[in-house]
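Chain by chain, the residues run as shown.
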Amino acid sequence: VQNRVTDILGTQYPLVQGAMRQITLGEMAAAVSNSGGFGQIASSMLPLGRLRAEIKRAQRLTDRPFGVNVPLHRPNAVESVEMAADLGIHAITTSGGNPVKIMDKAKRLGLKVLHKVSNTEMGLKAQTAGVDGVIATGYEAGGHGGKDHITTLCLVPQLVDMLNLPVIAAGGICDARGVAAAFALGAQGVEIGTRFIASTDCPGLDYYKKALLDARDTSTTYLGHGAMNLRVLKNQAVLRLMDPEEKTQHIRPVDYTSPQGDAETTLMPAGMNAGLIRKIMPIRDIVEELMLGCRKISLELEAIFMEKD
Ligand SMILES: Cc1cc2nc3c(=O)[nH]c(=O)nc-3n(C[C@H](O)[C@H](O)[C@H](O)COP(=O)(O)O)c2cc1C
C-alpha cells in the first residue's frame, strides 16, 4: 500500500499501533513494525532514562520505523521529543494538549508529527500548528476518547472535508471491516489499540486479555467527564464508581500496571470493539488479517457496485 500516511511513516501499511501507557513499550512497538505497521512506544509515565532504554530495545528488535507517543501535558514532553529525535526516530504522535507547544522544535529536529484530535476545532488548531496529519479519535475508542463524544463514523469524514491533512481513523476499529469502513470515510490510515492488547506479543495481563475475550457489545462504559474521561471494561470496581449511592472517594480501583491487578478491581481501558475480539493472536497475524481482509472487502464491494450492461 502506498499513500500519504505510508509516505509519512515509511511503513508497508498505513496502520498505526495505538500507544498504550505502560503496555506498548519497545517489544510491542517492534512487533508491530516488523509486521509492516507503525509501532509506537507510549512515553506516558516513563522517566527519560526508561524511554531511552525502550527506544534502544525496539531498535535492537527491528530495523523498521517506529515512533513514540508524547502526551503534551506531561512535564517531560519537550525532553521526550528531543530524545526521540536524538535516537533516530523520524515520526512521533502527540496527544493531550495543543501541539503548538512542540511544533517548532519538532520541525527543527526534522520530525513528522501526527496529532490526536477528537473534534474538528482541535483538528483545525493542529493544522494551524503545522502537524503532518491527525489521528481522529472517536467516542468508541479505548482510553480517552474526547469530551464531545463524537463517533469515529461521524468525526473522520468531517475532518477529511475540513483539513488539508491526511486523517488516520482511531476508535472502534478491530477487524478488516472496520479498516475498510475507515478508508471508505476518507481516512488514509487506521490506528488500532484494544485489539493489540489481545495478542500473544502483549506481555502479561492475562486477566485483561480474558476479559476482552469475554466482552460483548455492552461491556464498556465511559467513566468520568471532561477531557480526561476513560472508556473501560465494566467490572465491579467500575460499577461501584458509577453507582450514585457509593461514596466514590473511598473506592480505589487498581491501575492495570499494578502486579495486584485482577478482572474485578482493575480499571481496564478498552474500546467498544472489545465485543469483536474472539482470539488471542500474534500481532503479525492480526496485521495480516486486517490488511489482506480489507483488500478482499474492497474487491467484494467493487463487484457489488460494478455497473452491469
Ligand atoms: C490501555 C490503553 C492505554 C492507552 N494509553 C494511551 C496513551 O498513553 N496515549 C495515547 O495517546 N493514547 C492512549 N490510548 C489510546 C490508544 O492509543 C488508541 O488511540 C485507542 O486505543 C484506539 O481505539 P481502540 O482501542 O478502539 O482501537 C490508550 C488506550 C488503551 C486501551
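Heads up: these notes are all about the structure in this document. Just so you know, these numbers come straight off a predicted model, no measurement behind them. (Residues numbered from 1 in each chain as written. Predicted model: local features only at pLDDT ≥ 70, side-chain atom pairs only at ≥ 80, totals over all residues. Heavy atoms only, no water.)

The topology assignment puts P166 in the loop between α7 (152-162) and β7 (167-170). By relative accessible area, which is 3% here, P166 ends up buried. As a C-alpha pair, P166 and N98 span 68 residues in sequence and 18 Å in three-dimensional space. Contacts of P166, omitting those with residues within four sequence positions, involve R4, V5, I8, D132, G133, V134 and Q188. (Helix = DSSP H or I, 4+ residues; strand = E, 2+ residues; numbered from the N terminus. Buried < 20%, exposed > 50% of the residue type's maximum accessible area, 1.4 Å probe, protein only. Contact = heavy atoms within 4.5 Å.)

Turning to the side chain of E54, a few remarks are in order. Following the sequence through the fold, E54 ends up in helix α3 (residues 48-61). By relative accessible area, which is 4% here, E54 ends up buried. Non-local contacts of E54, meaning those with residues more than four positions away in its chain, are made with L25, G26, I41 and L46.

Neighbouring the ligand are 22 residues, the closest being A19, K116, G172, E191 and T194. In this structure, S95 approaches the ligand through a side-chain N or O atom, which is 2.9 Å from an oxygen atom. Here the ligand loses 93% of its free accessible area of 610 Å² to cover by the protein chains. (Near = heavy atom within 4 Å. Polar contact = N/O pair within 3.5 Å; in protein donor to acceptor, adjacent residues only side chain to side chain. Areas by Shrake-Rupley, 256 points an atom, 1.4 Å probe, with all protein chains shown as cover.)

Counting buried positions along strand β5 (residues 112-117) yields five of six residues, so the element is predominantly enclosed. Of the pairings in the sheet, the one linking strand β4 (residues 91-95) to β5 comprises four bridges and is parallel in character. In the sheet register, T94 faces β5, and the bridge partner there is H115. In the classification by handedness, the crossover that spans β4, the intervening helix α5 (residues 100-108) and the parallel β5 is right-handed. One ladder, built from four bridges, connects β5 with strand β6 (residues 133-137); its direction is parallel. If you follow H115 over to β6, its bridge partner there is V134. (Pairing = 2+ DSSP bridges. Right-handed = clockwise from strand over helix to strand, strands pointing away.)

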